[in-house]
Each structure stands twice: as structure tokens, then as C-alpha cells.
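# Chains, contacts and geometry: an overview
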Amino acid sequence: MTTLMEKAHAGLLTEEIKRVAVEEGADAGDVRKYIALGHIVIPKSVNSKSSPVGVGKLMRTKVNANIGTSRDYVDIEAEVKKAIIAEKYGADTIMDLSTGGDLDLVRKRIIDAVSIPVGSVPIYQAAEDGIESMTSDDMFNAVRKHAKDGIDFVTIHAGVNHESFKRLKNSDRILDVVSRGGAMTLSWMKQNYEENPFYAEYDYLLELAREFELTISLGDGMRPGCINDASDRAKFEEFIQLGELVRRARAAGVQTLVEGPGHVPIDEIGLSVNAMKHLTGDAPLYLLGPLVTDIAPGYDHITAAMGGAVAGMHGADFLCMTTPAEHLALPDEDDIREGAIVARIAAHAADLTKAGVREKARAKDREMALARKDLDWNRQFMLAIDSEKAKNIHARSKNADTCSMCGELCSIKMMKDVLGKK
Ligand code: SF4
């Protein structure tokens, strides 16, 4: 099978490329060129019915929503509702991170419920019966199964290997490994005295990805889980390795994303993003945060949005939303709604600064400014990222013309009189 990257190399403008170009207001030839280089990915596997979404250079900053059951809490209907809510409130992709209940069923139900691309972490299913009994075949079979079901992109922690583990052991981290897939992989390696199969047999993984046009999201199993651990050697060692894995995937015609941290103080985000982009040959960068402080549980959707906006400004392409439940519990439907909206705000704030997308993004803010100047409330609600909330809050104002913040002292209204404008 010829993959999308190979078609792009050959100069073909596929249907997906044309649709993404129209959606983003970009030139289709540029989209093709950057897909060929691996700077844009369109995660859409052969069995998927999802609408194509572009991630990377010249593209709007995208938002992913993580949902899924846990071993403590299994309610498939709730997860399906969360998927629908996430799409409704601005997620561009969904990841099913289920670890409890009937994993095949929840995955299929989520894929059927949304029109956006769906990703997964196949090792969660491979280890369903325990890490002790998991084999390397289980790991690859889980990837195949997910691809067959129509999953568009999979997180693979191939950068978690003996080399990066050695670096981790020599570090003075507080939180060691906070990535679930990373910790599972290291447990398996320790129990079996073997290298990570996804690293050792990476070429086989690439064959599987080629067969299904599966996009590989190279997970950052060594991502820092607290401010103390940000930007350390273990993280950069893994990025050096991820860069090499990106290069091998590109040579095999397989699309790759690279995942990044985690918890990073604001003044280190630019350095972190630039280094990751440099080491991975400008692969589309997918960030899990970064959360800019550790001390705001209950508000980590906000700490992540602050980091996400700054990271986006420096070139991050894809933000994984964080919910108010982060570090505390499995998110419920309200948490997903709030997380999706706040991540969408961060992504838009980043887009206001990004070459290639800022003009389109700024046009929306200009429209809002004009609606505010006209005191046109319905137009303001229509343009708002969260129209329902804006409308509900404004309903508290008694004066239909202005709002209850200043009432008759509305400066916008006064200045119309001062300047003689209608
Ligand atoms: S009343 Fe105050 S806050 Fe409300 S629209 Fe006028 S200037 Fe803005």
C-alpha cells in the first residue's frame, strides 16, 4: 500500500490533503509539501470514517480530549457521552485511554459516536490481564486490533528503553515516571530482562503502521511530572531517541507525532518546545500540558492552558486538554466540557501569534471587538468560544442595552455620544 506520506512525496494532492487545505485556509500544495516532509500529519487510518484533521505547520493549534474507563470506574455510556461532549465543545481529536471493562466495546462505541479522529494507547489493552503475563506479541496484536477497528493514531512509548532508563536512574527526579504507558513498559522490561519490544522491533511496528495508514504518536514516557523535574537529562535523552525514531518512520513513509511534557515552568517552555522541535526534525508536537505549577489541583485545566498557550506560541501544534479532575479523579462529563473549552481558548490564544494562522485567528477577535462596540449581544454570544456560558451570565443583567458591570456608566455607550457615533 502507498501511504499518505509517499503519495505526498510523489506530488499527489489526495482528497484528505485538499480537505485539510480548505478547512485551514492553506494552500494544498504547501500542505502536501509539509506532509511529505513530516511537518504535518493527517491521522486517518484505512478503516476510519473520521473527517481528516491536519496537525502541524500552517495548521490551527489542535486540541485532544482524553476520555476512557478506569479499572475503578466503568460506565461505557458515560464515556460515549464524554466523547460527544468533547467534540461539541471544541476537541479536534479524542483519545480512548480505557483500562477497565470491555475495552473492545468501549473503543468501538467511541469511534462510532464521533466524527473526529480517535487515538488510543494499545499497551493498556495488551496488559489487560496484568503486566506479568503480557508478551511482546500481545503488544503488537493490540496495535493491529486497534488499527483494524479504525483507530487513527496510537501512542507508542518506544523512547522508553534501556538507554533512557539508565539516564533516569542517574537523575535526581522526585517523580521518576508519571506516564502510565512509560511505567508499564519499564515494569515489563524489568520483569522480563528484555528491551522494550516497541523499540527493539520498531521496524515491525512501522510495517503494521504502513498496512493500516496508522499515525504513530511517539509517547514521552519520561515526561517530567512536576516542576522540579522539568527540562532534565532524562527528558532530553528520550527526545534524542524520539528524533531518531521519527527519522526511521519518515523513511518508512509512516506519519509521526511526538508527545511532550508535562509540568514545565513558564520560563522554560520556549526552550523545551524549541529543543523538542529541533531534535525531532520539526515533527508535529503534541503536548500533555504543560502545567505551569504543581500546586493548583482542581484548576489544572487552567495551569495547563497557561502552559499550552505559551507552548503554542513557541510552536507546539497539538494540546492535550487537562480537566479540573487532573491528579484527583477520573473526569466526569462537566470536567470534560470545561477542559475542552479551556484548552480551545489556549489553542486560540496561541493561534493569535502563529505565522500562517494568525490572520484568520485575529479576524475572529476583530469581529468580537466590533460586536462589543455595537453592543450587539447576540453577535457576541455567537462568536464566543462558550456561547452558552456567555449568554447565561449576561442574562443576569437587567439592562438589555448594556450590561450590569457599569450599567448607565457604560463607557462604550458614552463614547458613542462623545464621538457623535451611532
Ligand atoms: S456596561 Fe461596561 S462592561 Fe458592560 S458593555 Fe458597557 S462598558 Fe462593557
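Above this note sits the structure.
Now for a description of the structure that goes with this document.

If you trace the eight strands once around the closed barrel, you get E3-E4-E5-E6-E7-E8-E9-E10, paired in parallel fashion. Direction aside, neighbouring strands of the sheet carry axes that sit 25 degrees apart on average. Summarising the sheet, strand E7 (residues 215-218) and strand E8 (residues 256-260) pair through three bridges and their orientation is parallel. Pairing of Leu 218 across the sheet is with Val 258, part of E8. Here helix H5 (residues 103-113) sits on the sheet and contacts strand E3 (62-67), strand E4 (93-96) and strand E5 (118-120); the angle it forms with E4, its principal contact strand, is near 170 degrees.

To continue, consider the pairing of strand E6 (residues 153-156). Residues Phe 153 and Thr 155 of E6 are buried on one face, and the alternating residues Val 154 and Ile 156, pointing to the opposite face, are buried as well. Summarising the sheet, E5 and E6 pair through two bridges and their orientation is parallel. Bridge pairing in E6 links Ser 120 to Val 154. Pairing of E6 with E7, which is carried by four bridges, proceeds in the parallel orientation. The residue bridging Ile 156 from the neighbouring strand is Leu 218, located in E7.

Basis of the calculations
- Residues numbered from 1 in each chain as written.
- Predicted model: local features only at pLDDT ≥ 70, side-chain atom pairs only at ≥ 80, totals over all residues.
- Heavy atoms only, no water.
- Pairing = 2+ DSSP bridges.
- Helix = DSSP H or I, 4+ residues; strand = E, 2+ residues; numbered from the N terminus.
- Axes fitted to C-alpha atoms, helices over the stretch in contact; angles between N-to-C directions.
- Contact = heavy atoms within 4.5 Å.
- Buried < 20%, exposed > 50% of the residue type's maximum accessible area, 1.4 Å probe, protein only.

Functional significance is not addressed by these values, which are geometric in nature.
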